[in-house]
Amino acid sequence: MYRKVLLFSSWCILTLAVGAQQRAGQWQVVDLPFEANQTVSQPFDEAFGAVIRHEDGDVLRVPGFYNGRKQWVLRFAPEKPGRWSITTYSSLAELAGQERSLLVTPPTKNDEHGPIIIDPKNPKRFAYADGTPYHLMAYELDWLFALDWQNKSGIPRTENIIDYVQSYGFNQVVMNVYAYNAQWGQHEAIQPEHDFREPKTYPFLGTNDNPDYSALNISFFQHLDRVMAHLDEVEMIAHLMIYVWNKKVNWPAPNSKADNLYFDYVVKRYQAFPNLVWDISKEALAYGRDDMGYITERINRLRKLDAHDRLVSVHDYTYCQAYPGKVDFISIQEWKPNLYDGMREVAARHPDQPIFNIEHGGYETTIHEIFGGAYNDPLICLDRNYQCVFAGTYSTHYWQNTSWHEVVHNPKDLPAESQPHLSWFKHLMSLMDAYDYDKLSPYQNAFTPWGLTDPSSSLYLFYMPPGLLRVTGTVHELKDKTVAISWFNPLTGELKAGGEKTFDQGTWLGLAKDPSWSNAVCILEVQ
């Protein structure tokens, strides 16, 4: 009958209806809507989904979801090109046994790489499905869902802040499905256009204060679709925290029918997005609401429903340490002052999984305080990210004026002194990309600073935190070799040559940095 692409602002989900041969690109999110004429009293209780078969014999069983107004949707992202046949199943006879077919072509965008996975060649690292390295650098945006929920014609605030953080190299946003309020911060200093406390939208019917747990609020999730689709369109990974316990959300009781309704619906509705990483809950065990058994049950429930097999973690190291086999990568909230050694210890404890310090205690302040944490000086926050990277792990950045209920979605309009120092992170990402972080391993010998090395190319990088005057220590592998010395400035991105040095009289480094650089990275390349 017809085929159409629904466009909303800059994002799109391919929506296919009954008709001629239907086509989609590899990893493209496809919505297949199905209509039921009969009136259904409890539509969320009805089973619906499809068995999807590839021409080579691979089979997926993908759950669908109710989308309001007698419509059910099968959302699917094909993982490989070829012909796919689709046969629906349902507890409603009218929706069962319907058949569709889909011809999938290679990716439709040149820069499309597919979902992130654990690198099969190096389980401590991430990669995209097409093999492209993925050097994670995350940015916290808990209230991202709330920026444009009232705007029916577009999501300009969302697009603006995502474009801003992505322009500085960040490739993942840590976000809540829903958050309501927080007790901390200088609330009186927040401008009304940046204040997103107590949004008048909620995943259930009713309000956060007076919820109706009998049904879900479809319009809430239709808006979240817009946010997720935009992130997918610009290749930004969404680290989606399904629950959060300390943002005053009036959640239903754990394991109740309403709790399972919400959880299952989120998994069914968003699993197809290739830019998705699951996180069961922010600070999952920190507030006494649940226990490890509950988190394990949620993970098992998710994996049973998620036919697309997206990566899963839990924002709680107590759980990840106890059950590393239940998560795909280790998340930790480590604030200790000696962060480098702490992260090296965690990495040694989990030698075959990526380590992500999702919250290292550094919360950059430039305007006013929302949550001070342990560190808020911008340079110290940067230093803590470098410590994570040189420990062979991944990290995230918080700017206090976007990470929680205050979201300054137009930071370019601020005076220069009030803007966050995100250019420093762009320089960090350029360093990781230039020297292929996936190939680098932590290195530290007697008296040397924190280092990374690629043994295959005799490359060494040494990070010099503020106050460290020179690269000292011995590198025995440099005996009788000549190295080219370069210096990288983390604050400006400047790379300058530092001459050569031949180690024929010993292997003591003894390399002094430019005293005008408060910190630096010394790069040694064997010639």
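Computed from a predicted structure; not experimentally measured. (Residues numbered from 1 in each chain as written. Predicted model: local features only at pLDDT ≥ 70, side-chain atom pairs only at ≥ 80, totals over all residues. Heavy atoms only, no water.)

Details of the packing of helix H6 (residues 339–349) against helix H7 (residues 378–390)
Phase 1 of the analysis: Packing of H6 against H7 leaves a shortest axis separation of 8 Å and a crossing angle of 30°. In this view, H6 runs roughly parallel relative to H7, as classed from their interaxial angle. In the packing of H6 onto H7, the handedness of the crossing is right-handed. Facing H6, whose interface residues are Leu339, Tyr340 and Met343, H7 presents Arg384, Gln387, Cys388 and Phe390.
Phase 2 of the analysis: Each residue belonging to the contact of H6 with H7 can be placed in one class, and the counts come to 5 nonpolar, 1 polar and 1 charged. (Axes fitted to C-alpha atoms, helices over the stretch in contact; angles between N-to-C directions. Helix = DSSP H or I, 4+ residues; strand = E, 2+ residues; numbered from the N terminus. Parallel < 35°, antiparallel > 145°, perpendicular 65-115°, else oblique. Left-handed = near helix turned anticlockwise from the far one by under 90°. Contact = heavy atoms within 4.5 Å. Nonpolar A, V, L, I, M, F, W, Y, C, P; charged D, E, K, R; others polar.)

Things to note about the packing of aromatic side chains
Phase 1 of the analysis: Counted by the stated rule, this structure contains 51 aromatic pairs.
Phase 2 of the analysis: On the basis of an interplanar angle of 20° and a centroid distance of 5.0 Å, the ring pair of tyrosine 340 and tryptophan 450 is categorised as stacked. Separated by 110 residues along the polypeptide, tyrosine 340 in helix H6 and tryptophan 450 in strand S25 (residues 450–454) bring together distant segments of the chain.
Phase 3 of the analysis: Between the aromatic rings of tyrosine 363 and tyrosine 398, the centroid separation amounts to 5.0 Å while the plane-to-plane angle is 80°, which identifies the pairing as edge-to-face. Here the residue tyrosine 363 occupies a position in the loop between strand S22 (355–357) and H7, and tyrosine 398 occupies one in the loop between strand S23 (395–397) and helix H8 (423–434), the gap between them amounting to 35 residues.
Phase 4 of the analysis: Here arginine 125 stacks its cationic end above the ring of tyrosine 437, 4.3 Å away from the centre of that ring.
Phase 5 of the analysis: Looking at arginine 298, its charged tip hangs above the ring of phenylalanine 263, at a distance of 4.9 Å from the centre. (Phe/Tyr/Trp six-rings, centres within 6.5 Å; stacked < 30°, edge-to-face > 60°. Lys NZ or Arg CZ within 6 Å of the ring centre and 35° of its normal.)

Details of the environment of threonine 105
Phase 1 of the analysis: Note that threonine 105 resides in strand S10 (residues 99–105).
Phase 2 of the analysis: For threonine 105, a relative accessible area of 26% translates into the label partly exposed.
Phase 3 of the analysis: Expressed as a C-alpha distance, the spacing of threonine 105 and arginine 83, which sit 22 residues apart in the sequence, is 9.0 Å.
Phase 4 of the analysis: Those residues in contact with threonine 105 that sit more than four places away from it in its chain are Arg23, Ala24, Gly25, Gln26 and Pro81. (Buried < 20%, exposed > 50% of the residue type's maximum accessible area, 1.4 Å probe, protein only.)

No statement about biological role is implied by the geometric values presented.
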